[in-house]
Amino acid sequence: MMLRRLPRAPAPAPPRRPRPPLPPAAARSVVTQVVTVDARNHGGSPHSPLMTYEAMSLDVQHLLTRLGIAKCILLGHSMGGKTAMTLALQRPDLVERLISVDISPVTTAPVSEFSAYVSAMKSVKIPDGLSRSAARQLADDQLCPVVQLPQLRQFLLTNLVEVEGRYVWRVNLEAISQHLADIMNFPVFHKPYPGPALFLGGSNSPYISSKDYPEIQRLFPKADIQHIEGAGHIVHQDKFEEFIAAVLNFLPPP
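Residues numbered from 1 in each chain as written. Predicted model: local features only at pLDDT ≥ 70, side-chain atom pairs only at ≥ 80, totals over all residues. Heavy atoms only, no water.

A. View of the nonpolar core. With 26 residues, the main nonpolar core has Met121, Ile126, Leu143, Leu160, Trp169, Ile176 and Ile183 as its most contacted residues. Here the element with the most residues in this core is helix H4 (residues 111-123); it accounts for 4 residues. Not counting residues within four places of it along the chain, the set of residues in contact with Met121 comprises Leu143, Leu156, Trp169, Val171 and Leu173. With 25 residues, the next largest nonpolar core counts Met85, Leu94, Tyr207 and Ile216 among its residues. (Core = buried A, V, L, I, M, F, W, Y, C linked by side-chain atoms within 4.5 Å. Buried < 20%, exposed > 50% of the residue type's maximum accessible area, 1.4 Å probe, protein only. Helix = DSSP H or I, 4+ residues; strand = E, 2+ residues; numbered from the N terminus. Contact = heavy atoms within 4.5 Å.)

As structure tokens, this is what we get:
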């Protein structure tokens, strides 16, 4: 997600999925244009056999150019956070501030864990003619033995869509499975990003841990590291109001 300070301009398009409303105090203070971006092989973005952070960073750079945005505040969660960090390290001139949500610039969880999730998604079988709620429940039941956290299953199920009467995954599972090692790793960088950065983790998640702090501080010397109490990996879902408050506190004053 990219934020650019503008005089109360509307976002170029409404979100494709319903999102919780901003708390009233937060809504009054937002004076930015917000652009939400689906990564390649996700959501409504095109599918591609290539899925590296360098490629995804270039996608965002091209979008910034097309939208005429000279400098932005980047916010990304998990893989999106690594994409945002990659862009900030490659092109610091384009990034005013950086927010990485529950991810560090290091190798993350074992590939085998995520490989099992992808395999479980590939194996889901849903007969034609079911209602959306029934299809989601059936997919949830089939994922449950492998993806045991209910919040994670609900997150994955946002990718289940109906196309011409059939339920399919809109993410490109083949490309993701072929590039799991790239997604779990992080590119090597030697020159740090000089701007302000916020690393916002969940207290119940392992993805921003104290062992990551030296690498965070090496690459992002102005980093502020915070954890939201009671939140897991999907911080913005688990503790939405606290998440919004932390993000707004990090943004420059209007």
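B. Summary view of the packing of helix H5 (residues 132-143) against helix H6 (residues 150-157). Contact pair H5 / H6: the axes reach a minimum separation of 10 Å and the direction vectors enclose 130 degrees. Taken together, the axis directions place H5 and H6 in an arrangement best described as oblique. The hand of the H5/H6 crossing is right-handed. Facing Arg136, Ala139, Asp140 and Leu143 of H5, the residues of H6 in contact are Arg153, Gln154 and Leu157. Looking at the contact of H5 with H6 residue by residue, the classes come out as 3 nonpolar, 1 polar and 3 charged. (Axes fitted to C-alpha atoms, helices over the stretch in contact; angles between N-to-C directions. Parallel < 35°, antiparallel > 145°, perpendicular 65-115°, else oblique. Left-handed = near helix turned anticlockwise from the far one by under 90°. Nonpolar A, V, L, I, M, F, W, Y, C, P; charged D, E, K, R; others polar.)

C. Quick look at the pattern of salt bridges. For the coordinates displayed, the defined rule picks out 6 salt bridges. Residue Asp59 is joined to Arg40 by a salt bridge in which the shortest nitrogen-to-oxygen separation is 2.7 Å. Here Asp59 is found in helix H2 (residues 53-67), whereas its partner Arg40 is found in the loop between strand S2 (32-35) and H2, with 19 residues between them in sequence. Using a relative accessible area of 29% as the deciding quantity, one classes Asp59 as partly exposed. Residue classification places Arg40 among the buried residues on the basis of a relative accessible area of 16%. The shortest N-O distance in the salt bridge between Glu174 and Lys122 comes to 3.2 Å. Remark: Lys122 occurs in helix H4 and Glu174 occurs in helix H7 (residues 173-178); sequence separation between them is 52 residues. (Salt bridge = Lys/Arg side-chain N within 4 Å of Asp/Glu carboxyl O.)

D. Quick peek at the packing of H2 against helix H3 (residues 79-90). Two elements in contact, H2 and H3, have axes separated by 9 Å at closest approach and are oriented at 70 degrees. The angle between H2 and H3 places the two elements in the roughly perpendicular class. For the pair formed by H2 and H3, the contact residues are Tyr53, Glu54, Met56, Ser57, Val60, Gln61 and Leu64 on the first element and Met79, Lys82, Thr83, Thr86, Leu87 and Gln90 on the second. Across the contact of H2 with H3, the residue classes break down as 6 nonpolar, 5 polar and 2 charged.

E. Region of the structure containing the pairing of strand S7 (residues 197-202). A large share of S7 lies buried, amounting to 6 of its 6 residues. Alternating residues of S7 divide into Ala197, Phe199 and Gly201 and Leu198, Leu200 and Gly202, and every residue in both groups is buried. Examined bridge by bridge, strand S4 (residues 95-101) and S7 share 4 bridges and lie parallel to one another. Bridge pairing in S7 places Leu98 opposite Ala197. With helix H9 (residues 213-219) bridging S7 and its parallel neighbour strand S8 (residues 223-228), the resulting β-α-β unit is right-handed. (Pairing = 2+ DSSP bridges. Right-handed = clockwise from strand over helix to strand, strands pointing away.)

F. Inspection of H6 at higher detail. Of the positions making up H6, those classed as buried are Leu152, Arg153, Leu156 and Leu157. Down the axis of H6, the sector holding all buried residues measures 135 degrees, keeping them to one side. (Arc of directions from axis to C-beta.)

G. Seen up close, the packing of aromatic side chains. A complete count under the given rule lists 5 aromatic pairs for this structure. A centroid spacing of 6.5 Å and a plane angle of 45 degrees characterise the contact between Tyr53 and Phe186, whose relative ring orientation is tilted. Placement of the pair is Tyr53 in helix H2 and Phe186 in the loop between helix H8 (180-184) and S7, with a sequence separation of 133 residues. Here Tyr53 and Phe186 have matching classes, each one buried. (Phe/Tyr/Trp six-rings, centres within 6.5 Å; stacked < 30°, edge-to-face > 60°.)

It is worth stressing that arrangement in space is one thing and function is another; only the former is reported here.
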